[in-house]
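Structure at a glance
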Amino acid sequence: MTIDRYNARAAEIRWQQAWDTQRVFVTRNEDPRPKYYVLEMFPYPSGRIHMGHVRNYTMGDVVARYKRARGFNVLHPMGWDAFGLPAENAAVANKVHPRTWTYENIATMKAQLKSMGLSLDWSREIATCDPKYYKHQQKMFLDFLAAGLVERKQSKVNWDPVDQTVLANEQVIEGRGWRSGAPVEQRELTQWFFKITKFSEDLLTALDRLDRWPEKVRVMQRNWIGRSEGLHIRFALDPATTPDGETELEIFTTRPDTIFGVKFMALSPDHPLALSAAARNPALATFIAECKRTGTAQELIEKAEKLGFDTGIRAVHPFDPAWKLPVFVANFILMEYGTGAIYGTPAHDQRDLDFSNKYGLGNTPVVCPEGQDPQTFVITDIAYDGAGRMINSRFLDGLSIADAKEEVAKRLEREVRGNHPVAQRQVNYRLRDWGISRQRYWGCPIPVLYCASCGVVPAPEADLPVTLPDDVEFDRPGNPLDRHPTWKHVDCPRCGGKATRETDTMDTFVDSSWYFARFTDPWIESQPTDRMAVDAWLPVDQYIGGIEHAILHLLYSRFFARAMHATGHAGVDEPFSGLFTQGMVVHETYRTSSGAFAAPAEVKIEGAGDARRATLVETGEPVEIGPIEKMSKSKRNTVDPDDIIGAFGADTARWFMLSDSPPERDVIWTEEGVQGAWRFVQRLWRIVNDAAQFSENAPTARPHAFSEAALEVRKTAHRALAKVSEDIERLRFNVCVAHIYEFARSLQAVVTDSPKPVAPDLKFAVREAAEILVQLFHPMMPHLAEECWAALGHKTLLANQGWPALESDLLVEDTITLPVQVNGRKRADVTVARDARNVDIEASVLALEAIKRALDGKPPRKVIIVPQRIVNVVA
RNA sequence: GCGGACGUGGCGGAACAGGUAGACGCAACGGACUUAAAAUCCGUUGGGGGUAACCCCGUGCGGGUUCGAGUCCCGCCGUCCGCACCA
């Protein structure tokens, strides 16, 4: 009998329909089995899925299908991060409404995802642009507002001049907008903020408990939160030098130990004292204006030279009333951090030293490194920030840095001026509140009103959702909501007078900060979450997505979980107990002689190694093979998942995405790799069919005894089962793939090489092995697995089948083969009984020809036997 | 500058917890089948030496610990990523 080639296209559609009709992947909240929530970061509906999606969703699907087989009630939902700027850009470019554009994209991408055969519960699908979703987001905004977790304040914001909107600090990358890439400017605006800083300490310390997160991500978040302990000190100002009404200057320092090395004070150009001093000093006012000018582009600030201006004001040293310090305005002092003012200790801070050297303020070293002579220790160009003993510091001399910090804090805390202590210990964070106002149409409206007499008024809950108007124009830059003739004009719900709506919408990162909670009960209309459901399902057991969200999305979601907890919408603080960040899909780039990029589909490759040459298919023009880079439209090195699925089927694409590269690293998409995956699909199909034929009429009951050959088949199968199970648990999919290749190859050898007729026990063993093989690759290639399962005579869906039971007895061998080393070099193998005594092992080892030769007739000095592992003979 | 990760054949990579380095795949080469090709199957493939049994070298470089080091320690070199005037 000849076996037809496996027709992936036809089979895949058939099995997808079968899963659909039988509602296999629809999850019930009432299901009593233990829960497992696996989630991949939901996509932005940009138009079509790309290979990055294929990789991400395949990994999630492997975990979901595996856990389902292991008996868990698996929640594996999907939705759409559907608000955002590209929809508006499309509206400008193509005169299509953002909603239309978005939903058309969703339809396309949903069909593409379905063609991948993912075990998703589509009944829970949500789109964040749906008023049924953002209604609840508005409700939570109001709850957060009432709970003091939202505030409206004026602040300097990052303004993206291309997108014409505000960006959060996290969205500014190297001084440029994360989406537009335009240099970001600073502007003063009144904005809505989520008070993420209220949770700074908890967001930081809780990272230690996220032991199933990549260390890299935790480090990045730790740095981002940027906790530092220090002292808040009030310096008195010399009245003779100070503008009216000003008496003191507050600073924050993490190095109070260096207080006797201080040479100057420096203020941010935005500092109130700087401004009041500027009011009577035109030159200073000019300097400040200058700072702000260079300060419009973040990029320039970072490269700018340190500049200062002496205000003429003098501060008084807290330990010496006679010691006066010049107060400068300096361009490198940030108003947003600490108090916006510092004291400068040039010897021990590089920035202060640069500044001091420029303005001739000198420096006095106050920390002397171990082994240095304090008399000769001088600082010229490089500040010293290491450990050491205090010098030149009066009562601190001889103390360690830590003791000196403590001593200064103690003394200044005790000292009182104007009923307040002169200094207080303080913890500062780099983390800022999350500004969420965006001057955009296609986002969730912020549900507040402004009334001339009542001020800021929250929208009444009965009016939620505050929906977006449909009739908007995108013919001009700026926010269409603001220009809309009627939308923003409403009556004040408090006084009935005239009021206007907030026309800013929320940052789309708000939408994605709680979708994982909504998935647990997306049907409930009365509230954002059903507490029974959300508390039962959260946290997400395994979250999978790109490293690019290490800070933004993941930190916001952690904040949201806490805020939802505080307002009664959820019972957990951490949304994701397990996190995995997968690598990118990369591909070679191709350039024609004109410098234009060519797409892989347009290029023909010939030769191998150094002789590899590329030409354009159409013209035969030679093409330069360029570096391997992340697949992107601009470099045209993308491969369309539809093309791959069309040509080879989803299973081939899925298998290739899991092969070779470790999941956290980048994977290089190659035509050869796809071909290899496709060949293996066909090979599996043949092996399973051959095995089915081989084991025809196999006994259904397990034989009492097995021949050596049959036993070997069973051992191989169960060893593979053990390894693959373990490696799926550890998300080491590339290693799973290798084990499956190995197992398949050995099963194939048994089926081809065994003499006929076949004994019943071997039939049984081969049949068992074939079933295990199919079940092992099922999470990775579900369609092929169903087809094979049917070929093995099963009438039920493999998707509903449990994971095979491991017979661990089969993993234990009666005899073991140990490598034998002489002086750490392998010389031979020795096969002994598993429980052989060491003396017997030693005797067998020393009897080996190769060992005798290596010892050259001399007795060994020592024989080291590591049980079950290795023997080393020391000559 | 600060912080982190990594460095293994021609390539992607494997090696539990200090115990046989190079699993598995790709590419390449040789062979079988075929009129031929495709497809499939089998074999070889870190470097060097030897007819062979076998021997020597080998996990970025230099040291160290150990019976034994890809793995641990110290010092370099290189690559990638994140943060970047945060006082």
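Residues numbered from 1 in each chain as written. Chains lettered and ligands numbered in written order. Predicted model: local features only at pLDDT ≥ 70, side-chain atom pairs only at ≥ 80, totals over all residues. Heavy atoms only, no water.

**A few points about the overall build of chain A**
Across its full length, chain A holds 26 helices and 39 strands. Among the 875 residues that make up chain A, the fraction classed as buried is 53%. Across chain A, the fraction of contacts at a sequence separation of at least 24, relative to all contacts at a separation of at least 6, is 72%. Roughly 39,200 Å² of accessible area belongs to chain A as shown, and the carbon and sulfur atoms make up 50% of that amount. (Helix = DSSP H or I, 4+ residues; strand = E, 2+ residues; numbered from the N terminus. Buried < 20%, exposed > 50% of the residue type's maximum accessible area, 1.4 Å probe, protein only. Contact = heavy atoms within 4.5 Å. Areas by Shrake-Rupley, 256 points an atom, 1.4 Å probe, with all protein chains shown as cover.)

**Brief notes about helix α4 (residues 98–115)**
Its 18 residues place the ends of α4 26 Å apart at the C-alpha level, agreeing with the 26 Å of an ideal helix rising 1.5 Å per residue. Within α4 the residues assigned to the buried category are Pro98, Trp101, Thr102, Asn105, Ile106, Met109, Gln112, Leu113 and Ser115. Gly117 occupies a position one or two residues after α4 and carries a positive phi of about 70 degrees. (Expected span 1.5 Å × (residues − 1).)

**Notes on the pairing of strand β28 (residues 542–546)**
Of all 5 residues in β28, 5 are buried; the element is thus mostly enclosed. In terms of strand pairing, strand β1 (residues 35–40) meets β28 through 3 bridges, oriented parallel. For Val38, the partnering residue across the bridge sits in β28 and is Gln542. Sheet analysis places β28 next to strand β29 (residues 579–582), joined by 4 bridges and oriented parallel. Looking at β29, one finds that Tyr543 is bridged to Leu579. In this fold, β28 hands off to helix α17 (residues 552–566), which returns the chain to β29; that crossover is right-handed. (Pairing = 2+ DSSP bridges. Right-handed = clockwise from strand over helix to strand, strands pointing away.)

**Some remarks on the protein's contact with RNA strand B**
Close contacts around RNA strand B come from 50 residues, with Thr254, Tyr337, Arg351, Arg732 and Arg869 the closest. Arg686 is positioned with one of its side-chain polar atoms (N or O) 3.0 Å from a sugar or linking oxygen of RNA strand B. Within the side chain of Gln821, an N or O atom sits 3.5 Å from a base nitrogen of RNA strand B. A breakdown of the residues in the surface near RNA strand B according to their chemical character gives 20 nonpolar, 10 polar and 20 charged. (Near = heavy atom within 4 Å. Polar contact = N/O pair within 3.5 Å; in protein donor to acceptor, adjacent residues only side chain to side chain. Nonpolar A, V, L, I, M, F, W, Y, C, P; charged D, E, K, R; others polar.)

**Focus: the nonpolar core**
Within the largest apolar cluster, 179 residues are counted, with the highest numbers of intra-cluster contacts made by Trp434 and Phe777. Once you skip the residues sitting within four places of it in the chain, Phe777 turns out to touch Trp655, Leu684, Ile740, Leu784, Ala785 and Cys788. Leu325, Ile401, Val408 and Ala423 belong to the second largest nonpolar core, which has 39 residues in total. (Core = buried A, V, L, I, M, F, W, Y, C linked by side-chain atoms within 4.5 Å.)

**As for helix α18 (residues 641–648)**
Residues Pro641, Ile644, Ile645 and Phe648 constitute the buried set of α18. The arc enclosing the buried residues of α18, seen along the axis, measures out at 95 degrees, which places them on a common side. Buried positions along α18 lie against α1 (8–21), α2 (51–69), α4, α19 (650–658) and α20 (671–694). The N-cap residue of α18 is Asp640: its side-chain oxygen and the backbone nitrogen of Asp642 are 2.9 Å apart. In the segment just after α18, Gly649 is the residue with positive phi, at about 100 degrees. (Arc of directions from axis to C-beta.)

**As for the packing of helix α23 (residues 760–777) against helix α24 (residues 782–791)**
Direction vectors running N to C along α23 and α24 enclose 160 degrees, while the axes themselves pass 8 Å from each other. Taken together, the axis directions place α23 and α24 in an arrangement best described as roughly antiparallel. The hand of the α23/α24 crossing is left-handed. The segment α23 lies against α24, with Glu771, Val774, Gln775 and Phe777 engaging Leu784, Ala785, Cys788 and Trp789. A breakdown of the residues in the contact of α23 with α24 according to their chemical character gives 6 nonpolar, 1 polar and 1 charged. (Axes fitted to C-alpha atoms, helices over the stretch in contact; angles between N-to-C directions. Parallel < 35°, antiparallel > 145°, perpendicular 65-115°, else oblique. Left-handed = near helix turned anticlockwise from the far one by under 90°.)

**Focus: the side chain of Gln821**
Mapped onto the secondary structure, Gln821 falls in strand β36 (residues 815–822). Classification of Gln821 as buried rests on a relative accessible area of 19%.

**Some thoughts on the sheet that holds strand β21 (residues 434–435)**
Taken together, 4 strands build an open sheet; the order of strands is β6-β5-β9-β21 and the sheet is antiparallel. Each end of this open sheet is capped by a strand with a single partner; those strands are β6 (165–167) and β21. As paired elements, strand β9 (residues 185–194) and β21 share 2 bridges and run antiparallel to each other. Paired with Phe193 across the two strands is Gly435, which belongs to β21. Running at roughly 90 degrees to β9, helix α5 (residues 131–146) makes contact with β5 (150–160) and β9 of the sheet.

**Some remarks on the state of the cysteines**
By the definition in use, this model includes 0 disulfides. Not part of a disulfide, Cys492 finds its nearest cysteine sulfur in Cys451, a span of 3.6 Å. Assessed through its relative accessible area of 3%, Cys492 is described here as buried. Between Cys736, a free cysteine, and Cys788, which holds the nearest cysteine sulfur, the sulfur-to-sulfur gap is 18 Å. (Disulfide = S-S within 2.5 Å.)

**A short note on the sheet that holds strand β2 (residues 73–75)**
What the 4 strands build is an open sheet, ordered β2-β1-β28-β29; its pairing is parallel. At either margin of the open sheet sits one strand with a lone partner, and together these are β2 and β29. Geometrically, the sheet is characterised by an average inter-axis angle of 20 degrees between neighbouring strands, direction not taken into account. Sitting on the sheet, α2 is in contact with β1, β2, β28 and β29, with an inclination near 175 degrees to β1.

**Quick look at the packing of aromatic side chains**
Taken as a whole, this structure holds 49 aromatic pairs when the rule is applied. Centroid distance Trp434 to Tyr556: 3.6 Å. Interplanar angle 5 degrees. Geometry classified as stacked. Here Tyr556 lies in helix α17 and Trp434 lies in strand β21, a separation of 122 residues in the sequence. The two residues Trp434 and Tyr556 agree in class, both being buried. (Phe/Tyr/Trp six-rings, centres within 6.5 Å; stacked < 30°, edge-to-face > 60°.)

**Some remarks on unusual backbone geometry**
Trans peptide bonds make up most of the peptide bonds, and negative phi angles are found at most residues other than glycine. Of note, the amide linkage connecting Leu464 to Pro465 takes the cis form, showing an omega dihedral of 0 degrees. Omega for the bond connecting Leu538 with Pro539 falls within 30 degrees of zero, at 0 degrees, which places this linkage in the cis form. In this model, Asp660 sits at a positive phi of 65 degrees, which is unusual for a non-glycine residue. With respect to the helices and strands, the residue Asp660 is situated in the loop between α19 and β35 (667–668). Here Gln868, not a glycine, exhibits a phi torsion of approximately 65 degrees, which is positive. One can find Gln868 in the loop between β38 (862–866) and β39 (870–874). Here Gln868 falls in the partly exposed class, since its relative accessible area comes to 49%.

**Observations regarding the pairing of β1**
Within β1, 5 of the 6 residues are buried, which leaves it mostly tucked inside the rest of the structure. Relative to β2, β1 is paired through 3 bridges, and the arrangement is parallel. Each residue of the ladder has a partner; that of Tyr36, found in β2, is Val74. Regarding topology, α2 serves as the crossover connection from β1 to the parallel β2, and that connection is right-handed.

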